[in-house]
Amino acid sequence: MENGGCVIEVEGLHTRFGNHVVHEDIDLCVYHGEVLGLVGGSGSGKTALMRQMLGLERPTHGSIRVFGQSLYGHNRKQLRAMRNRCGVLFQKGALFSALSVYDNIALPMRELRTLDEDMIRRLVMLKLKMVDIDARHADKMPAELSGGMIKRIALARAMALDPELLLLDEPTAGLDPELSDGFVKLIQTMRTELTLTIVMATHDLDTLVALSDRIAVLADQRMVALGPLKEVINRNHPFIANFFLGERGKRTLANHVDI
Amino acid sequence: MAEYRGNGSSLVLRRVTAEGGAPRLVLSGSCTLSALGQRLQPLSAKLAEYATDPALQWDLTEIAQMDNAGAVLLWRAWGERRPQHLLLRPEQEKALNLLEMMSPPPPPASRDWLWPVTALGKAVFLLWEHLTSMVILSGQLLLDALYLAVHPGRIPWREISANLYRTGAQALGITALVGFLIGVVLSFLSSRQLQMFGADIFIINILGISIIRELGPLLAAILVAGRSGSSMTAQLGVMRVTEELDALTVMGIPHSLRLVLPKVMALGIAMPLVVLWTSAIALAGGMVVAEIQLGLGYQFFLSKLPDSVPIANLWLGLGKGMVCGMVIALISCHFGLRIKSNTESLGEGTTNSVVTAITVVIIIDAIFAIIFSDVGIK
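Residues numbered from 1 in each chain as written. Chains lettered and ligands numbered in written order. Predicted model: local features only at pLDDT ≥ 70, side-chain atom pairs only at ≥ 80, totals over all residues. Heavy atoms only, no water.

## Thoughts on unusual backbone geometry
Residue and element names in this part refer to chain A.
- Its identity as a non-glycine residue notwithstanding, Ala94 has a phi of 55°, on the positive side.
- Within the element layout of this structure, Ala94 appears in the loop between strand S6 (86-89) and helix H3 (101-112).
- The backbone phi angle of Asp220 is positive, close to 50°, even though this residue is not glycine.
- Within the secondary structure, Asp220 is located in the loop between strand S9 (214-219) and strand S10 (222-227).
- Assessed through its relative accessible area of 52%, Asp220 is described here as exposed. (Helix = DSSP H or I, 4+ residues; strand = E, 2+ residues; numbered from the N terminus. Buried < 20%, exposed > 50% of the residue type's maximum accessible area, 1.4 Å probe, protein only.)

The structure is reproduced here in structure tokens:
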């Protein structure tokens with residue numbers, strides 16, 4: 001997995017909201033081409049860490065580098081070029097409610113200003129096909145869509161510029177099991193076609209086990225474990241014991257891997 | 001630290017002659033959106049040019065990476081079908097299969113020439129819908145009021161008092177500022193005119209009647225419609241977006257009783273008081289200028305005011321205030337409850353609510369002027 005070094009590099013990260021300490025001294029390297037699952041209890045700062053990786057929030061101390069570049073203090077052009085290489089799927093989709101499905105996916109392509117409208121039309125249709133959405137839904141507004149469709153269209157938008165790095169925040173939350181299996185398959189297929197680096201924060205053990213190459217566990221403000229699933233579940237920590245080896249966890253693991 | 005390297009070089013086209021003498025085009029490098037960048041358009045034209053030669057053999061096996069944009073670029077150059085001679089790697093095969101399966105985008109809807117008629121019809125129906133649902137809401141409020149009269153223990157005092165504070169007390173600053181300035185301007189302009197005729201004393205009549213009867217209530221109502229009306233609509237709208245309204249419904253708490261009625265009652269109580277306040281401040285502003293401009297003393301002004309302005313004007317102004325306040329709250333809540341759960345609708349609903357509220361306030365003022373045309377004027 002260690003081909004090409006770190007796509008995201010987190011060094012000595014501390015986060016505090018007022019007096020509340022969220023992260024304490026976190027180091028993390030996301031390798032090129034891997035899927036890193038980020039787990040942790042509610043309030044363990046998964047989403048905060050994701051937002052910091054995206055440059056939406058600043059850590060109190062420490063640095064985050066994406067594609068070897070710091071997220072702060074360099075010029076707009078570089079930052080933009082870097083952002084075009086990342087795709088983000090937000091927890092609730094974050095589709096622009098004023099735009100149709102088609103325009104939502106076409107927006108990042110139009111912003112590039114190198115693609116002509118004919119090319120954009122073909123690409124949008126291709127992305128819709130990729131996430132298994134029928135072309136007749138292209139003119140609908142986000143308000144008319146179901147939760148599963150919003151997630152898939154948001155993924156299509158995240159993939160609009162064929163990013164090398166994809167950040168998924170709770171990709172399967174709010175989907176029924178069948179849809180979330182479909183989602184997992186979708187990501188797996190995309191990985192075979194493109195070299196994707198994926199960081200995924202999730203609560204869903206099925207998704208985590210099915211997709212992750214490595215798992216990072218956040219608990220007690222620190223990263224208590226980082227490594228492949230087998231290594232992680234052998235770590236002795238109350239959260240890990242609870243999350244992976246509880247009633248539900250055992251059942252899921254039994255389905256997926258032979259440990 | 002291991003530096004992550006970028007995509008490498010962009011797409012390179014190389015024309016060679018294969019064994020057997022057939023021409024062959026070898027593509028190498030990265031065929032991805034980020035690697036192509038600005039070269040996309042010229043490359044597209046060049047590829048299309050090559051594609052006109054049916055004997056040409058396309059060799060894609062040396063392409064390091066090809067993403068969807070790259071695949072579409074080639075696909076379009078080929079005229080949406082595979083060229084006769086094509087060398088591919090398995091993963092490229094899959095990407096092309098996906099393109100082959102892609103359904104053509106739906107044609108744009110044809111233009112409907114009857115659109116002015118349908119648009120007008122829709123507008124009329126929309127107006128009718130607004131009117132009926134407004135009547136339904138008012139009726140519901142009346143029923144709620146009757147219910148509360150029988151069960152006084154269920155009167156939502158806390159909501160009423162919170163709304164009183166928000167729509168009344170917090171509006172005092174802005175209404176005072178606007179009222180004072182209007183009083184100053186009105187007094188200044190009228191006193192100039194009156195001086196010409198030596199009718200200085202009538203400044204009291206002009207200021208008294210116009211401010212107490214018309215300007216005070218109207219100014220206060222317009223300000224409150226913009227200020228509290230918009231916030232009421234937005235509040236209910238956000239409650240719709242976040243499903244709070246639905247949560248109330250399933251708890252068996254009616255919207256009209258808990259959300260609409262307190263707002264209507266609070267604004268009905270607060271508005272006359274705000275009107276009184278605005279009129280008083282506007283008169284004070286006028287009085288200051290009358291003193292400076294015409295030398296009319298404050299004491300003289302105040303003692304003369306009751307003689308020149310019949311008390312009926314004050315009641316008329318307060319009555320107008322109460323009616324306007326309740327109507328503003330009703331309209332704002334009506335629009336707020338109609339908002340659908342998306343941002344577009346939220347913005348549109350708030351705008352419509354404020355515009356409608358201000359228009360209706362002016363209409364109410366006109367109706368009052370006609371009905372009470374012979375009240376309070378000597």
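## With respect to the domain arrangement of chain A
All names here are of chain A.
- Under the domain assignment used here, chain A contains domain 1 (6-85 + 164-256) and domain 2 (98-162).
- Computed from C-alpha atoms alone, the centre-to-centre distance between domain 1 and domain 2 is 25 Å.
- The interface of domain 1 with domain 2 comprises 16 residues on the first partner and 13 residues on the second.
- For the pair domain 1 and domain 2, the summed buried surface comes to about 1100 Å²; carbon and sulfur atoms form 71% of the total.
- Contact with domain 2 buries surface across domain 1, with Asn84, Leu186 and Met190 losing the most and accounting together for 35% of the total. (Domains from an automatic or database assignment. Contact = heavy atoms within 4.5 Å. Buried area = accessible area lost by both parts, 1.4 Å probe.)

## Notes on the packing of helix H8 (residues 203-241) of chain B against helix H10 (residues 255-294) of chain B
Residue and element names in this part refer to chain B.
- Two elements in contact, H8 and H10, have axes separated by 7 Å at closest approach and are oriented at 145°. Crossing hand, H8 versus H10: right-handed.
- Grouping the amino acids of the contact of H8 with H10 by side-chain chemistry returns 21 nonpolar, six polar and one charged. (Axes fitted to C-alpha atoms, helices over the stretch in contact; angles between N-to-C directions. Left-handed = near helix turned anticlockwise from the far one by under 90°. Nonpolar A, V, L, I, M, F, W, Y, C, P; charged D, E, K, R; others polar.)

## Remarks on the side chain of B:Ser44
Residue and element names in this part refer to chain B.
- Relative to the helices and strands, Ser44 is located in helix H2 (residues 40-51).
- The class of Ser44 is buried, set by a relative accessible area of 13%.
- Separated by 3.2 Å, the side chains of Ser44 and Arg76 make a polar contact.
- If sequence neighbours within four positions are ignored, Ser44 has contacts with Leu73 and Arg76. (Polar contact = N/O pair within 3.5 Å; in protein donor to acceptor, adjacent residues only side chain to side chain.)

## Comments concerning the sheet that holds strand S1 (residues 6-17) of chain A
All names here are of chain A.
- Sheet architecture is open: four strands sit in the order S2-S1-S4-S5, paired in antiparallel fashion. Of all strands in the sheet, those with a lone pairing partner are strand S2 (20-31) and strand S5 (69-70), marking the two edges.
- Bridge analysis of strand S4 (residues 61-66) against S5 gives two bridges, and the strand direction is antiparallel. Each residue of the ladder has a partner; that of Arg65, found in S5, is Ser70.
- Sheet contacts for helix H1 (residues 46-53): S1, S2 and S4; angle to S1, the most-contacted strand, approximately 125°. (Pairing = 2+ DSSP bridges.)

## Quick notes on the environment of B:Trp315
- On the secondary structure map, B:Trp315 appears in helix H12 (residues 312-338).
- Between the alpha carbons of B:Trp315 and B:Phe125 there is a distance of 38 Å; along the sequence they are 190 residues apart.

## Here's the deal with the domain arrangement of chain B
- Parsing chain B into structural domains produces domain 1 (12-100) and domain 2 (140-371).
- Taking the mean C-alpha position of each, domain 1 of chain B and domain 2 of chain B sit 70 Å from one another.

## Brief notes about helix H9 (residues 238-245) of chain A
Residues and elements named next belong to chain A.
- Of all the residues in H9, the buried ones are Phe239, Ile240, Phe243 and Phe244. Buried residues of H9 fall within an arc of 95° about the axis and therefore sit on the same side. Residues of H9 that are exposed and point over 90 degrees away from its buried face: Pro238 and Asn242. (Arc of directions from axis to C-beta.)

## Structural notes on the nonpolar core
- Counting residues in each nonpolar core, the largest one holds 73 residues, and the members touching the most others are A:Ile105, A:Met109, A:Leu155, B:Leu27 and B:Trp58.
- For this core, the element with the highest residue contribution is helix H4 (residues 117-130) of chain A, accounting for eight residues.
- Residue contacts for A:Leu155: discarding those within four places in its chain leaves A:Leu89, A:Val131, A:Leu166, A:Leu168, A:Phe183, A:Leu186, A:Ile187 and A:Met190.
- Counting residues in hydrophobic clusters, the runner-up holds 40 residues, among them B:Ile155, B:Ala220, B:Leu267 and B:Ala357. (Core = buried A, V, L, I, M, F, W, Y, C linked by side-chain atoms within 4.5 Å.)

## Quick word on the interface of chain B and chain A
- Contact residues are listed per partner, giving 34 residues for chain B and 35 residues for chain A.
- Between chain B and chain A, the buried area comes to about 3100 Å², and carbon and sulfur atoms account for 60% of it.
- For the pair chain B and chain A, the number of links is two salt bridges.
- The partner of A:Asp116 in a salt bridge is B:Arg76, and the shortest N-O contact between them spans 2.8 Å.
- At the junction of chain B and chain A, the tally comes to eight residue pairs in polar contact (both at pLDDT 80 or more).
- Looking at the side of chain B that touches chain A, the elements with two or more residues in it are helix H1 (33-36), H2, strand S3 (57-66), helix H3 (68-77), helix H4 (90-101) and helix H13 (343-371) of chain B.
- Among the elements that line the side of chain B that touches chain A, the one with the most residues is H3(B), at six residues.
- Residue classes in the side of chain B that touches chain A are distributed as 16 nonpolar, 11 polar and seven charged. (Salt bridge = Lys/Arg side-chain N within 4 Å of Asp/Glu carboxyl O.)

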